[in-house]
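# Commentary on secondary and tertiary structure
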Amino acid sequence: MKYTPLFLLVSTMAMSCSHKNHEPLAVIPQPSQVEQKSGFFIINDSTRMVLETPDQRVRKAAIIFIDDLRKKQSLNLTLDEGGKSSGINTIHLKLVSPEETGKEGYVLESGRKGINISSGTPAGLFYGLMTIEQIALTANQDGGSVTVPAMKVEDSPRFDWRGMHLDVCRHFMPVEAVKKYIDYLALYKFNHFHWHLTEDQGWRIEIKKYPKLTSVGAWRDSTMVGNFSSTPLKYDGKRYGGFYTQEEARDIVRYAADRFITVIPEIEMPGHAQAAIAAYPELGVTGEKVGVKCEWGISPYIYMPSEKTFSFLEDVLTEVMAVFPSEYIHIGGDEAIKDQWKESPGVQALIKELNLKDEEELQSYFIHRMEKFLNAKGRSIIGWDEILQGGLAPNATVMSWRGEKGGIAAAKMDHNVVMSPGNYCYFDHYQAKPVDDEPLAIGGYLPLDTVYAYNPVPKELTAAEAEHILGVQANVWTEYIPDFRQVEYMIFPRLLAMSEVAWTQPGDKNQDLFHAKVLRQVNLFNKLGVNYSETGMPPRPE
Ligand code: ACM
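Given the structure is predicted, the values throughout are model-derived calculations rather than measurements. (Residues numbered from 1 in each chain as written. Predicted model: local features only at pLDDT ≥ 70, side-chain atom pairs only at ≥ 80, totals over all residues. Heavy atoms only, no water.)

Turning our attention to the sheet that holds strand S20 (residues 417-419). Strand order in the closed barrel made by the 8 strands is S8-S9-S16-S17-S18-S19-S20-S21, with parallel pairing throughout. Across the sheet, the mean angle separating the axes of adjacent strands is 30 degrees when strand polarity is ignored. Judged from the 4 bridges that link them, strand S8 (residues 161-167) and strand S21 (residues 469-474) form a sheet pairing that is parallel. Bridging from a neighbouring strand, Gly-163 pairs with Gln-473 of S21. (Pairing = 2+ DSSP bridges. Helix = DSSP H or I, 4+ residues; strand = E, 2+ residues; numbered from the N terminus. Axes fitted to C-alpha atoms, helices over the stretch in contact; angles between N-to-C directions.)

Turning our eyes to something else, we now look at the side chain of Lys-179. You can see Lys-179 is positioned in helix H4 (residues 175-187). By relative accessible area, which is 12% here, Lys-179 ends up buried. Sequence-distant contacts of Lys-179, defined by excluding residues within four places in its chain, comprise Asp-251 and Tyr-255. (Buried < 20%, exposed > 50% of the residue type's maximum accessible area, 1.4 Å probe, protein only. Contact = heavy atoms within 4.5 Å.)

Bringing the nonpolar core into the picture now. Counting residues in hydrophobic clusters, the biggest one holds 173 residues, and the most contacted among them are Trp-195 and Trp-203. With 10 residues, the single largest contributor to this core is helix H3 (residues 122-137). (Core = buried A, V, L, I, M, F, W, Y, C linked by side-chain atoms within 4.5 Å.)

Below, the discussion takes up helix H8 (residues 307-323). Counted at 1.5 Å a residue, the expected span for H8 with its 17 residues is 24 Å, and the 24 Å between its end C-alpha atoms agrees. Along H8, the residues that are buried comprise Thr-309, Phe-310, Phe-312, Leu-313, Val-316, Leu-317, Glu-319, Val-320, Met-321 and Val-323. Structurally, H8 contributes buried residues whose contacts are with strand S11 (202-203), helix H5 (212-215), helix H6 (246-258), strand S16 (262-269), strand S17 (328-332) and helix H11 (359-376). (Expected span 1.5 Å × (residues − 1).)

Let's shift gears to a positive patch on the surface. Judged by side-chain charge, Lys-71, Lys-72, Lys-180 and Arg-485 come together as a positively charged surface patch. Along the chain, Arg-485 falls in helix H16 (residues 484-491). Here Arg-485 falls in the exposed class, since its relative accessible area comes to 51%. (Patch = residues over 30% accessible without salt bridge, like charges linked within 9 Å, V, L, I, M, F, W, Y side chains within 5 Å. Areas by Shrake-Rupley, 256 points an atom, 1.4 Å probe, with all protein chains shown as cover. Salt bridge = Lys/Arg side-chain N within 4 Å of Asp/Glu carboxyl O. Lys, Arg positive; Asp, Glu negative; His and termini not counted. Charge placed at Lys NZ, Arg CZ, Asp CG, Glu CD.)

Before going further, it helps to spend a moment on the side chain of Ser-364. Inspection of the secondary structure assignment puts Ser-364 in helix H11. By relative accessible area, which is 5% here, Ser-364 ends up buried. One polar contact links the side chain of Ser-364 to the main-chain carbonyl oxygen of Gly-390, over a distance of 3.1 Å. Once you skip the residues sitting within four places of it in the chain, Ser-364 turns out to touch Gln-389, Gly-390 and Gly-391. (Polar contact = N/O pair within 3.5 Å; in protein donor to acceptor, adjacent residues only side chain to side chain.)

Right, let's talk about the packing of aromatic side chains for a bit. For the structure on display, the rule yields 30 aromatic pairs. Plain terms: the ring middles of Trp-195 and Tyr-244 are 4.7 Å apart, the flat faces sit at 55 degrees to each other, and that makes the pair tilted. Taken together, the residues span a long stretch of sequence, with Trp-195 in strand S9 (residues 192-196) and Tyr-244 in the loop between strand S15 (240-241) and H6 at a distance of 49 residues. Of the two residues, Trp-195 and Tyr-244, neither departs from the other in class, the shared state being buried. Between the aromatic rings of Tyr-424 and Tyr-454, the centroid separation amounts to 4.4 Å while the plane-to-plane angle is 25 degrees, which identifies the pairing as stacked. Of this pair, Tyr-424 sits in helix H13 (residues 422-425) while Tyr-454 sits in the loop between helix H14 (448-453) and helix H15 (463-466), and the two are 30 residues apart along the sequence. On the basis of relative accessible area, Tyr-424 is assigned to the partly exposed category, the value being 30%. Overall, the relative accessible area of 3% leaves Tyr-454 in the buried class. Aromatic rings pair up to connect Phe-172, Tyr-181, Tyr-184, Tyr-188, Phe-193, Trp-195, Tyr-244, Phe-324, Phe-484, Phe-492, Phe-525 and Tyr-532 into one cluster. Seen from the ring of Tyr-255, Arg-259 lies directly overhead, with NZ or CZ sitting 3.6 Å from the centre. Over the ring of Tyr-452 we find Lys-509; its NZ or CZ atom is 4.8 Å from the centre of that ring. (Phe/Tyr/Trp six-rings, centres within 6.5 Å; stacked < 30°, edge-to-face > 60°. Lys NZ or Arg CZ within 6 Å of the ring centre and 35° of its normal.)

All right, on to the sheet that holds strand S3 (residues 78-81) then. Pairing between sheet strands relies on hydrogen bonds along the backbone, with the strands arranged either parallel or antiparallel. Reading across from one edge, S1-S7-S5-S6-S4-S2-S3 is the order of the 7 strands in this open sheet, with mixed pairing throughout. In the strand order of this sheet, the two ends are held by strand S1 (33-43) and S3, each with one partner. Ignoring which end each strand starts from, the neighbouring axes of this sheet average 20 degrees apart.

Below, the discussion takes up the pattern of salt bridges. If you walk through the whole model with that rule in mind, you get 23 salt bridges. One salt bridge connects Lys-208 with Glu-206, and the closest N-O pair in it is separated by 3.6 Å. The exposed category is assigned to Lys-208, whose relative accessible area is 53%. Of the charged contacts, one joins Glu-500 and Lys-517 as a salt bridge, the two residues approaching to 2.6 Å between their closest N and O atoms. Of this pair, Glu-500 sits in helix H17 (residues 494-503) while Lys-517 sits in helix H18 (residues 511-520), and the two are 17 residues apart along the sequence. The same class applies to Glu-500 as to Lys-517, namely buried. By sharing partners, the salt bridges in this structure join Asp-167, Arg-170, Glu-199 and Glu-479 into a single network.

Of the residues in the protein chain, 95% have a pLDDT of 70 or more, and the chain-wide mean is 94. Every residue in residues 1-22 is under pLDDT 50, and counting partners more than four places away or in other chains gives 30 contacts. (pLDDT = per-residue confidence, 0-100.)

A few words on the environment of Ile-329. Note that Ile-329 resides in strand S17. Once the C-alpha coordinates of Ile-329 and Gly-287 are considered, the two residues, 42 residues apart in sequence, prove to be 28 Å apart. If sequence neighbours within four positions are ignored, Ile-329 has contacts with Pro-265, Leu-317, Val-320, Met-321, Leu-374, Arg-379, Ser-380, Ile-381 and Ile-382.

Next up on the list: the pairing of S17. The element S17 is extensively covered by neighbouring structure, given that 5 of its 5 residues are classed as buried. Side chains of S17 alternate between two faces, with Tyr-328, His-330 and Gly-332 and Ile-329 and Ile-331 buried alike. Pairing of S17 with strand S18 (residues 380-384), which is carried by 3 bridges, proceeds in the parallel orientation. Within the sheet, the bridge partner assigned to Ile-329 lies in S18 and is Ile-381.

Tallied over the entire structure, the rule returns 0 disulfides. Cysteine Cys-294 shares no disulfide, and the gap to the nearest cysteine sulfur, in Cys-169, comes to 15 Å. (Disulfide = S-S within 2.5 Å.)

Note that strand S2 (residues 48-51) and S3 share 4 bridges and pair parallel. Among the inter-strand pairings, Val-50 is bridged to a residue of S3, identified as Asp-80. The β-α-β motif built from S2, the intervening helix H2 (residues 56-73) and the parallel element S3 has right-handed crossover chirality. (Right-handed = clockwise from strand over helix to strand, strands pointing away.)

Take a look at the structure:
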């Protein structure tokens, strides 16, 4: 048999594990094909990285890989730019015709002399390097040389959108933490980072034309303690907040782009707007002066659908587009409580004037206008599935979170979809039972195996409709996640399951193999200092 499925390889290797070079390969996500060969290659301090292309993105990818191995494995590889293809103890990076590997695929061959990685794109070469980096960091050796088994890997992803989201509003995460998050995404071959930047509880991105968004909107006077079960609610009484300057955000966009990750900024509308309304009360419906919200849960404060608000949002989005080059801008759209619209004579008059049926159609009008603005600038909108209510904007992509229903409806209407249903993709839920023994979380129960079992293409779709499923994303809401260590606890190991859901073809997934590989990742977690959840890990063999 030419191609050995990796799970056979792992079990054979595990059984004949007396030789230190034959430990299980722990690569996550599972590559498309792995052909086992005899022998191995040792990466050591004499190994040279040879670039067979002048491409600057490839050069950066190589430097990232070399830096990572230096910092995390005490391995000191040298970069050999414009090197020739001969030579031993080398890792070669080569760009080939794009047809050979697709947009993000790569071919990796390792043997006695070294490793050759080829791809039609710099992204594919980066993923080949990440495969090697995982083999190195999962090795038992804490530092120094690592053994790569001789093999041929041919690999490419299932989905174009392999996303992870992070809410930095409920709890603020410093720039260095966001970069660490991006490092984790890169290592497991995610390519979209959805950055949730505005909320009722805090506005986190500098907008130069509206300085109060951050001088006022980024700070709350206090934060509720614990969950809603204690009445009256308890508060910590501490001013809390933070924001990213545009320069910091640009730095993060660049950092992500070097790792082939697109940053999708989310600017919430028409709801989740209390922090903005706290900064500029005239943007609200009631004109009332409110503070930034100190409790979790959804605020009733919603943008007034006035020309003033539309100009404000267009100005905000203009600055956002200057920082974020992504095709997609996330406009939120979820959980907009419309009571204030219902009670406002001005809003009701507007509904009549625009000949709309109700508040849902008004929300749709709102989103349509913002889409038109963004489309005119060459951008596309993506929004949570509530943007289906009252009629979907013509070119909108839907992020389906309240189950798959919204995503299915959108795909059947020929709209693109990112699947992110709560039951499989919400990493703020508990990951182990009994939940009372876990750190306080928002609720729900989402263990590793449930994430792993997810298939983002619903059976209800025809093959043509299924083409609209761009991919899948997991979300990390931070009401009950006070700092980055707790973010790590909530995403590890579940991030690894999502990585295979997003990258690996369903026929190549195997839960037993996955469990074995996750256990092997503990070396990597320890080398990176990751605060993973032991209770969320697969069972250890007897
Ligand atoms: C969401 O969880 N409110 C999108």
